[in-house]
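# Per-entry structural report
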Amino acid sequence: MIKNMIKNYMNFFKQKVLNRNKELSNAPIQHLRFNGAAVFNYDFMVSLKTKDYPKYLSQAYYLKFGQKLNFKSPKNINEKIQWLKIYDNLPIKTELTDKVLVRSWIQSKIGNEYLKPVLWIGKNFDKIPFNALPNSFFIKTNHGCKWHFIVKDKEEYLNNKNGLYEYTKKQINGWMSQTFFGWSDFETQYKDIKPQILIEPLLRDNINSQPIEYEIWCFNGKPQLFHKYKYNDRHEYRISSAYNENFENIDLIFLQEDINTNEPADNNLKKAVELSKILAKEFKLVRIDWMIYQNKLYFVEMTFTPFSGFILFAPKYKDWYLKLGNMLNLKGN
């Protein structure tokens with residue numbers, strides 16, 4: 001019943017926009033969902049001219065929230081992230097979104113001790129030296145979000161158990177021929193990344209466990225909001241704790257299935273904040289992500305448009321749209 005209510009609600013706003021603007025009604029709507037899924041289909045996105053981005057991004061925002069996007073005077077965090085996509089798309093963001101190129105930049109800023117080991121980098125799936133890889137590994141592309149696979153048992157994988165080898169090969173080859181920009185809602189930092197395949201060891205304390213991860217939200221070069229979480233082993237929900245800049249627990253979750261435990265801040269979190277302050281200096285907004293393996297801190301990625309600017313808080317946390325928005329000064333940096 002609830003799913004049908006949500007579906008009817010979103011269809012109402014979709015139809016409202018299409019009726020209001022016949023020109024926009026010709027744009028191919030793909031599907032509606034929060035936190036990452038694009039509104040428009042791939043071919044339409046990659047065919048657009050840059051000058052048309054604000055118009056169609058505004059439509060995507062309306063379709064998801066039922067609200068007009070305020071580009072001239074954005075207030076809440078989602079509006080400001082949309083503004084950043086269009087008006088703060090610096091070339092350095094493309095470099096640092098690239099999961100290969102970012103490594104050199106990180107090394108120049110804080111050294112290489114926080115970088116995850118790399119087993120192989122290349123452009124052709126058929127040239128991956130599987131015989132030289134360990135039994136478990138992490139395979140991903142450098143130019144997307146969640147474009148990755150975990151291999152836990154190499155022998156089973158290479159024997160194509162459950163069709164996994166052929167499936168990953170097909171998916172990765174498909175990703176290598178695309179830009180993630182076309183699957184996003186105008187996350188322009190992905191647009192010009194040259195695709196590569198990246199293989200890392202699977203850094204897990206237990207093959208089936210999930211790592212502790214940190215998200216350090218930095219506003220105008222200053223870390224101000226910190227998030228620690230760990231997925232349960234079945235990846236169904238996250239055990240989560242959030243902190244302010246003084247490492248005090250705050251009542252906040254980012255995904256509605258998260259469970260807030262208010263754990264005290266640990267030393268690894270404090271170190272992640274210290275390092276993030278160095279990395280975030282020149283950016284209006286960046287979320288710097290870290291993980292823990294064998295009690296050692298590792299850099300994961302820099303995220304310049306968290307949740308693509310479509311954060312959907314539970315009603316209890318609705319005040320955080322403006323709280324986060326107030327932390328970000330678009331005239332700063």
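Residues numbered from 1 in each chain as written. Predicted model: local features only at pLDDT ≥ 70, side-chain atom pairs only at ≥ 80, totals over all residues. Heavy atoms only, no water.

Before going further, it helps to spend a moment on the environment of isoleucine 150. Examined against the element boundaries, isoleucine 150 turns out to sit in strand S3 (residues 148-151). By relative accessible area, which is 34% here, isoleucine 150 ends up partly exposed. Residues isoleucine 150 and proline 201, 51 residues apart in the sequence, show an inter-C-alpha distance of 9.7 Å. Not counting residues up to four positions away in its chain, the partners in contact with isoleucine 150 are Phe137, Phe138, Leu202 and Arg204. (Helix = DSSP H or I, 4+ residues; strand = E, 2+ residues; numbered from the N terminus. Buried < 20%, exposed > 50% of the residue type's maximum accessible area, 1.4 Å probe, protein only. Contact = heavy atoms within 4.5 Å.)

Think of a pair of aromatic rings as described by two things: how far the centres are apart, and how the planes are tilted against each other in angle. One pass over the full model with this rule turns up 36 aromatic pairs. Taken together, a centroid distance of 5.7 Å and an interplanar angle of 90° make the contact between phenylalanine 40 and tyrosine 56 edge-to-face. Taken together, the positions of phenylalanine 40 in the loop between helix H2 (22-25) and helix H3 (42-47) and tyrosine 56 in helix H4 (residues 53-65) put the pair 16 residues apart, joining distant regions of the chain. Tyrosine 56 matches phenylalanine 40 in its accessibility class, with the two residues each being buried. A connected cluster of aromatic rings, assembled from ring pairs, spans Phe40, Phe44, Tyr53, Tyr56, Phe181 and Phe186. Just above the ring of phenylalanine 181 sits the side chain of lysine 191; from NZ or CZ to the centre is 5.6 Å. (Phe/Tyr/Trp six-rings, centres within 6.5 Å; stacked < 30°, edge-to-face > 60°. Lys NZ or Arg CZ within 6 Å of the ring centre and 35° of its normal.)

Now for the environment of glutamate 301. Inspection of the secondary structure puts glutamate 301 in strand S11 (residues 296-303). When the C-alpha positions of glutamate 301 and aspartate 98 are compared, they lie 9.0 Å apart, and in sequence the two are 203 residues distant. Setting aside anything within four residues of it in sequence, one finds glutamate 301 in contact with Lys99, Arg287, Ile288 and Asp289.

All right, on to helix H10 (residues 267-279) then. Spanning 13 residues, H10 covers 19 Å between terminal C-alpha atoms, matching the ideal 18 Å at 1.5 Å per step. Listed as buried for H10 are Asn268, Leu269, Ala272, Val273, Leu275, Ser276 and Leu279. Of the surrounding secondary structure, the elements contacted by the buried residues of H10 are helix H7 (101-110), strand S5 (213-219), strand S6 (222-231), strand S7 (238-244), strand S10 (285-293) and S11. Taking the backbone nitrogen of asparagine 268 as reference, a side-chain oxygen 3.1 Å away marks aspartate 266 as the first, capping residue of H10. (Expected span 1.5 Å × (residues − 1). Polar contact = N/O pair within 3.5 Å; in protein donor to acceptor, adjacent residues only side chain to side chain.)

For the rest of this paragraph, the subject is the sheet that holds strand S1 (residues 120-122). If you trace the four strands from one edge of the open sheet to the other, you get S1-S4-S2-S3, paired in antiparallel fashion. The open sheet is flanked by S1 and S3, the only strands paired with a single partner. Each strand of the sheet is rotated relative to its neighbour by a mean of 15°, with strand direction disregarded. Two elements, strand S2 (residues 137-141) and S3, share four bridges in a ladder whose sense is antiparallel. Bridging from a neighbouring strand, lysine 140 pairs with histidine 148 of S3. Its contacts with the sheet place helix H9 (residues 164-176) against S2, S3 and strand S4 (197-201), and it is angled at close to 155° to S3. (Pairing = 2+ DSSP bridges. Axes fitted to C-alpha atoms, helices over the stretch in contact; angles between N-to-C directions.)

Position of lysine 154 relative to the elements: it lies in helix H8 (residues 154-158). Ignoring any residue separated from it by four or fewer positions in sequence, one finds lysine 154 in contact with Phe130, Asn131, Leu133, Pro134, Asn135 and Phe137.

To continue, consider the side chain of serine 308. With respect to the element layout, serine 308 can be found in the loop between S11 and helix H11 (320-327). Sequence-distant contacts of serine 308, that is, excluding residues within four places in its chain, are made with Ile81, Gln82, Lys85, Asp185 and Glu187.

Moving on to the pairing of S2. S2 sits mainly inside the fold: five of its five residues count as buried. Side chains of S2 alternate between two faces, with Phe137, Ile139 and Thr141 and Phe138 and Lys140 buried alike. Adjacent in sequence and paired antiparallel, S2 and S3 are bridged by six residues, among which lysine 146 carries a positive phi angle near 65°. In the sheet, S2 pairs with S4 via five bridges, with the strands oriented antiparallel. Residue pairing in the sheet places threonine 141 in a bridge with isoleucine 197 of S4.

The biggest cluster of nonpolar side chains holds 64 residues, and the ones touching the most others in it are Phe125, Ile128, Phe186, Leu252 and Phe313. Tyr114, Tyr243, Leu269 and Val273 belong to the second largest nonpolar core, which has 27 residues in total. (Core = buried A, V, L, I, M, F, W, Y, C linked by side-chain atoms within 4.5 Å.)

The subject of this paragraph is the packing of H4 against helix H5 (residues 77-87). Running from N to C, H4 and H5 cross one another at 160°; their axes reach a closest spacing of 11 Å. With respect to H5, the element H4 is oriented roughly antiparallel. The chirality of how H4 crosses H5 is right-handed. In this structure, H4 contributes Tyr53, Pro54, Leu57, Tyr61 and Phe65 to the contact, and H5 contributes Asn78, Glu79, Gln82, Lys85, Ile86 and Tyr87. Each residue belonging to the contact of H4 with H5 can be placed in one class, and the counts come to seven nonpolar, two polar and two charged. (Parallel < 35°, antiparallel > 145°, perpendicular 65-115°, else oblique. Left-handed = near helix turned anticlockwise from the far one by under 90°. Nonpolar A, V, L, I, M, F, W, Y, C, P; charged D, E, K, R; others polar.)

Everything listed here is a matter of coordinates, which is why it stays silent on function.
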